[in-house]
Amino acid sequence: MSSSKKITLVVILVSIYMFSCVSSTEFEVGGEDGWMVPQSKTHGDMFNHWASHNRFKVGDTVRFNYTKDSVLVVSEEEYKKCKATKPQLYSNNEDTVFKLDRPGLFYFISGISGHCEKGQKMIIKVMETESSPDSPPPSSSSSSSSPSLPTSTHKKSSAFKTSIQCSSSGFLAIAVLVVSIFGLA
């Protein structure tokens, strides 16, 4: 096999492997303050405000950090009532990571009595289609025209981190093919 054909084949195989990689983002709910009861009525919708300034896609995760509290994934009806009888998820381990595994709406509330009514609840909308891999997720920071949010939710560094996951079986197949190709020389 000629050198140019080998190079072309390697480029094609590496390209296929790169397309098998998936980029995902882990969002820190509430920034440095975490999942907490809003301090006043002016902060009552702070989590929905935070969520509306982020773009979520299938495969992303949201991390809830809290103390002496809990997080529940509930139905829309339970969200509106601030009362869960059959939550899809209940966690009180002070560091809950939830994977957004489908497009659509996800509803979160605190499981501690009275917290949801005070604004410790959130709706996340997961996009139907993935944005282009070249465009980074939008900053979780918002303009200074939102004085009702705690300043910590404006800090990009504590809001999210992005990771790229590739199939190890895809990597192994590419490595075997490359070695096979160059072994024929």
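Just so it is clear, the model here is predicted, and its values are computed rather than measured.

The rules behind the values
- Residues numbered from 1 in each chain as written.
- Predicted model: local features only at pLDDT ≥ 70, side-chain atom pairs only at ≥ 80, totals over all residues.
- Heavy atoms only, no water.
- Disulfide = S-S within 2.5 Å.
- Helix = DSSP H or I, 4+ residues; strand = E, 2+ residues; numbered from the N terminus.
- Buried < 20%, exposed > 50% of the residue type's maximum accessible area, 1.4 Å probe, protein only.
- Phe/Tyr/Trp six-rings, centres within 6.5 Å; stacked < 30°, edge-to-face > 60°.
- Contact = heavy atoms within 4.5 Å.
- Polar contact = N/O pair within 3.5 Å; in protein donor to acceptor, adjacent residues only side chain to side chain.
- Salt bridge = Lys/Arg side-chain N within 4 Å of Asp/Glu carboxyl O.
- Pairing = 2+ DSSP bridges.
- Core = buried A, V, L, I, M, F, W, Y, C linked by side-chain atoms within 4.5 Å.

Caption draft 1: Region of interest: the state of the cysteines. In the structure shown here, the tally under the stated rule is one disulfide. Note on cysteine connectivity: C82 is disulfide-linked to C116, with sulfurs 2.1 Å apart. Because the sign of the S-S torsion sets the handedness, a value of about -65° for the bond joining C82 and C116 places this disulfide among the left-handed ones. With C82 in the loop between helix 3 (76-81) and strand 5 (89-91) and C116 in the loop between strand 7 (104-109) and strand 8 (121-127), the pair connects residues that are 34 residues apart, well separated along the chain. For C82, a relative accessible area of 15% corresponds to the buried category. Given the relative accessible area of 2%, C116 is considered buried.

Caption draft 2: How the structure looks around the packing of aromatic side chains. Applying the stated criterion across every chain yields a total of nine aromatic pairs. With 4.9 Å between their ring centres and 50° between their planes, W35 and F47 make a pair best called tilted. Within this pair, whereas W35 is found in the loop between strand 1 (22-28) and helix 2 (46-52), its partner F47 is found in helix 2, the two being separated by 12 residues in sequence. Residues W35 and F47 agree in their burial class; the two are buried.

Caption draft 3: Region of the structure containing the environment of V71. Residue position: V71 is located in strand 4 (residues 71-74). Residue class for V71 comes out buried when judged on its relative accessible area of 1%. Separated by 22 residues in sequence, V71 and N93 have C-alpha atoms that sit 9.2 Å apart. Discounting residues that sit within four places of it in the chain, V71 has contacts with W35, F64, Y66, L89, Y90, S91, T96, F108 and I109.

Caption draft 4: Representation of the side chain of D60 within the structure. Note on placement: D60 falls in the loop between strand 2 (56-57) and strand 3 (61-65). Classification of D60 as buried rests on a relative accessible area of 1%. There is a polar contact of 2.8 Å between the side chain of D60 and the backbone nitrogen of T25. Of the polar contacts made by the side chain of D60, one reaches the backbone nitrogen of K57; its length is 2.9 Å.

Caption draft 5: The pattern of salt bridges, seen in detail. This model, assessed by the stated rule, comprises six salt bridges. Between E26 and R63 there is a salt bridge; the shortest N-O distance is 2.8 Å. Taken together, the positions of E26 in strand 1 and R63 in strand 3 put the pair 37 residues apart, joining distant regions of the chain. On the basis of relative accessible area, R63 is assigned to the buried category, the value being 17%.

Caption draft 6: Expanded view of the pairing of strand 3. Within strand 3, four of the five residues are buried, leaving the element largely enclosed by the surrounding structure. One ladder, built from five bridges, connects strand 3 with strand 6 (residues 95-99); its direction is antiparallel. For R63, the partnering residue across the bridge sits in strand 6 and is V97.

Caption draft 7: View of the nonpolar core. If you look at the biggest cluster of nonpolar residues, it comprises 21 residues, and the most contacted ones within it are W35, F56, V62, F64, F108, M122 and I124. Taken together, the elements giving at least two residues each to this core come down to helix 2, strand 3, strand 4, strand 7 and strand 8. Of the residues forming this core, the biggest block, four residues, is contributed by helix 2. The contact partners of V62, leaving out residues within four places of it in the chain, are F27, V29, F56, T96, V97, F98, L100, F108 and I124. Among the nonpolar cores identified, the runner-up in size contains seven residues, and V74, C82, I109 and C116 belong to it.

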